[in-house]
Amino acid sequence: MRLIDVAIIGAGQAGLAMSRCLAVLGIGHAIFDRGRVAERWRTTAWDSLRMLTPNWINGLPWQPYDGADPHGFMTRNETIAFLERYAASFGAPVFERTPVMSLAADGSAFRLQTPDGAWRARAVVVATGHCDRAFIPSIAGRLSVDIASLHSSQYRSPGVIPDGGVLVVGSSPSGLQIAEELRRAGRKVILSSGAHTRVPRRWRGHDIFWWLSRLGKFSQRASEVADLDAEIRQPNVQLAGRPDHSDCDLPLMQALGIRLAGRVDGVEGGHVFFRDDLAESVTSADQRMAHILAAIDRFDGRPTNIGNIDFRRVDLAANDAPHMLSLRNENIRTVIWATGFRRAFPWIDLPVLRQDGEIRQTGGVTAVPGLYTLGFRFQCKRDSHFFGGVGTDALEIAGHVARFLGASLRQAA
Ligand SMILES: Cc1cc2nc3c(=O)[nH]c(=O)nc-3n(C[C@H](O)[C@H](O)[C@H](O)COP(=O)(O)OP(=O)(O)OC[C@H]3O[C@@H](n4cnc5c(N)ncnc54)[C@H](O)[C@@H]3O)c2cc1C
């Protein structure tokens, strides 16, 4: 069995940021990934995906964005290259194609089982990603077998989607971007939208991320939030990273000729049923956006009245929101579920799992001494799962790891 001070599980931005911090502290470690560095961007992102966070915010520890386009948005391939370059810049000790199949206690340390053998580690950081497992609601199982059904993480491009129309379920940034791409490729598209969060790409001459970071939104700590689980479940903001910095929202979808529907409520063979809640979710997203924009204006010294904030709206009267669709009659041959991600840790055999399967942790520190997490949404603060936020969390966790290793060495002496 091989020995290591710290095992990091996952070689995405979180695992690599952790590795960089441990390397600076001179702490020996190894990173294990079931795939390759940046596996998520390689295998679960569609071809035309660009990051929705602007480049200037996408720095990692000791690696700020240093390219020529700080206000641009990295493509999927550029994101992979950025992470590969980062790993190479400090010789990150990554064991690729090495899934950790089990993690258990081994005396005062941990035992990790991989296909290549077992490892013993004194501390472990789980950095397996907030967007780890594609989530498709169970009603999808009732869909007729002649309708193609896939998760947004399996979508690549319009060319590989069966001919005919597409129902996209979910108005997250993924759902909107996929719906738009399919529509622009000439497909008939129906988009089902539940609760969503809307902001414009630019406001008063700046990117919305510039404003939100100045308002302190991203550094808001988990401890400052009243209902953390509700915050974690909040839908991601409807944004896309496009060279022209244009908006990606339901009014655009409507303008492109996409029919909007409420939340999917049921599926029966070739029929899909929708809630009558589109007007409500659109109105409430618009109101929340108006509040955010008014808060920005107040911060910027402009006494804006919420009622005066002007933005594009969905024309609800012109949209024929269906209550039920016969997929065959509408020639819809594919359903794409842009319904988000979950996490599951059946391979962790330690008393840290909640009933819902999530790891119980506060700020990345679990109740098992020496076991930490990194990269989960709101782990420490609002941007903990973002490129721009994971670095400061990694520094915090590296401090915990160093103190833990120091204390356990003193105990052993
Ligand atoms: C479509 C999409 C777009 C996004 N766009 C942005 C954006 O523009 N800006 C931004 O800041 N964030 C964005 N995010 C959020 C976030 O940055 C990404 O999810 C990012 O991949 C998270 O990095 P991570 O290192 O925490 O996890 P991941 O990148 O998911 O890395 C975790 C790694 O762990 C590995 N792994 C999992 N289980 C095991 C195991 N048992 N053994 C070994 N290895 C394992 C996986 O193979 C994976 O490589 C986006 C997310 C999605 C889904």
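This section reports on the structure supplied with the text. (Residues numbered from 1 in each chain as written. Predicted model: local features only at pLDDT ≥ 70, side-chain atom pairs only at ≥ 80, totals over all residues. Heavy atoms only, no water.)

### Here we look at the site of the ligand
Right, so step 1: Surveying the vicinity of the ligand reveals 28 residues, the closest of which are D33, R40, L52, T53 and F387.
Right, so step 2: Within the complex, 93% of the 970 Å² of free accessible area of the ligand lies under protein.
Right, so step 3: Secondary-structure elements contributing two or more residues to the shell around the ligand are α1 (13-25) and α2 (39-43).
Right, so step 4: Among the elements that line the shell around the ligand, the one with the most residues is α2, at three residues. (Near = heavy atom within 4 Å. Areas by Shrake-Rupley, 256 points an atom, 1.4 Å probe, with all protein chains shown as cover. Helix = DSSP H or I, 4+ residues; strand = E, 2+ residues; numbered from the N terminus.)

### Section: unusual backbone geometry
Right, so step 1: The phi torsion at W62 lies on the positive side, around 60°, for a residue other than glycine.
Right, so step 2: Here W62 lies in the loop between α2 and α3 (76-89).
Right, so step 3: Its identity as a non-glycine residue notwithstanding, N331 has a phi of 55°, on the positive side.
Right, so step 4: A relative accessible area of 44% places N331 in the partly exposed class. (Buried < 20%, exposed > 50% of the residue type's maximum accessible area, 1.4 Å probe, protein only.)

### Focus on the side chain of T128
Right, so step 1: The residue T128 is located in the loop between β6 (117-126) and β7 (133-134) in this model.
Right, so step 2: A relative accessible area of 14% means that T128 is categorised as buried.
Right, so step 3: T128 has contacts with I9, R40, F345, W347 and F376, leaving out every residue within four places of it along the chain. (Contact = heavy atoms within 4.5 Å.)

### With respect to the pattern of salt bridges
Right, so step 1: Counting across every chain of the model gives 26 salt bridges.
Right, so step 2: A salt bridge links R259 to E330, with the shortest nitrogen-to-oxygen separation between them at 3.8 Å. With R259 in strand β15 (residues 259-261) and E330 in the loop between β18 (324-326) and β19 (332-337), this pair connects stretches of sequence that are 71 residues apart.
Right, so step 3: The exposure class assigned to E330 is partly exposed, which follows from its relative accessible area of 21%.
Right, so step 4: Of the charged contacts, one joins D356 and R354 as a salt bridge, the two residues approaching to 2.6 Å between their closest N and O atoms. (Salt bridge = Lys/Arg side-chain N within 4 Å of Asp/Glu carboxyl O.)

### Quick look at the nonpolar core
Right, so step 1: Counting 36 residues, the largest nonpolar core has V6, M18, V125, L374 and V401 as its most contacted members.
Right, so step 2: Of all elements in the fold, only β1 (2-9), α1, α3, β6 and α9 (387-412) reach the threshold of two or more residues within this core.
Right, so step 3: At eight residues, the largest contribution of residues to this core is made by α9.
Right, so step 4: Among the nonpolar cores identified, the runner-up in size contains 26 residues, and V189, L191, A240 and V314 belong to it. (Core = buried A, V, L, I, M, F, W, Y, C linked by side-chain atoms within 4.5 Å.)

### Looking at the environment of A7
Right, so step 1: Examined against the element boundaries, A7 turns out to sit in strand β1.
Right, so step 2: Judged by its relative accessible area of 0%, A7 is buried.
Right, so step 3: The spatial distance from the C-alpha of A7 to the C-alpha of P235 is 32 Å, given a sequence separation of 228 residues.
Right, so step 4: Residue contacts for A7: discarding those within four places in its chain leaves A30, F32, L112, A121, A123, V124 and V125.

### As for the environment of R382
Right, so step 1: Following the sequence through the fold, R382 ends up in the loop between β22 (371-373) and α9.
Right, so step 2: On the basis of relative accessibility, which here comes to 25%, the residue R382 falls in the partly exposed class.
Right, so step 3: Between the C-alpha atom of R382 and that of R50, which follows or precedes it by 332 residues, the distance is 21 Å.
Right, so step 4: Apart from residues lying up to four places away in sequence, R382 is in contact with K217, F218, Q220 and E231.
Right, so step 5: From its side chain, R382 meets the backbone oxygen of K217 in a polar contact 3.3 Å long.
Right, so step 6: Of the polar contacts made by the side chain of R382, one reaches the side chain of E231; its length is 3.2 Å. (Polar contact = N/O pair within 3.5 Å; in protein donor to acceptor, adjacent residues only side chain to side chain.)

### Re α1
Turn by turn, an α-helix covers 3.6 residues, leaving residues three or four places apart pointing in a common direction.
Right, so step 1: In a regular helix each residue adds 1.5 Å, so 13 residues correspond to 18 Å; α1 covers 19 Å between its end C-alpha atoms and thus fits that length.
Right, so step 2: Of all the 13 residues making up α1, ten are buried; the element is thus mostly covered by neighbouring parts of the structure.
Right, so step 3: The complete set of buried residues in α1 reads Q13, A14, G15, L16, A17, M18, S19, R20, C21 and L22.
Right, so step 4: With its phi angle positive at about 75°, G26 sits one or two positions after the end of α1. (Expected span 1.5 Å × (residues − 1).)

### Concerning the pairing of strand β2 (residues 29-32)
Right, so step 1: Burial along β2 is two-sided: the face carrying H29 and I31 and the face carrying A30 and F32 are both buried.
Right, so step 2: When β1 meets β2, the two strands line up parallel, connected through four bridges. When the bridges of β2 are listed, I9 appears paired with F32.
Right, so step 3: This β-α-β element, β1 to α1 to β2, shows right-handed connectivity.
Right, so step 4: Pairing between β2 and strand β3 (residues 94-95): two bridges, direction parallel. Bridge pairing links F32 to F95 in β3. (Pairing = 2+ DSSP bridges. Right-handed = clockwise from strand over helix to strand, strands pointing away.)

### Structural notes on the side chain of Q63
Right, so step 1: Summarising the element assignment, Q63 is placed in the loop between α2 and α3.
Right, so step 2: A distance of 3.5 Å separates a polar atom in the side chain of Q63 from a polar atom in the side chain of D66.
Right, so step 3: Excluding residues that lie within four positions of it along the chain, Q63 makes contacts with F82 and Y86.

### Examining the state of the cysteines
Right, so step 1: Under the criterion given, the structure shown has zero disulfides.
Right, so step 2: Here C248 is not disulfide-linked; the sulfur of C131 is the nearest cysteine sulfur, at 17 Å.
Right, so step 3: Its relative accessible area of 2% is what places C248 among the buried residues.
Right, so step 4: Here C380 stays unpaired: no disulfide links it, and the sulfur of C21, its closest cysteine neighbor, is 12 Å away. (Disulfide = S-S within 2.5 Å.)

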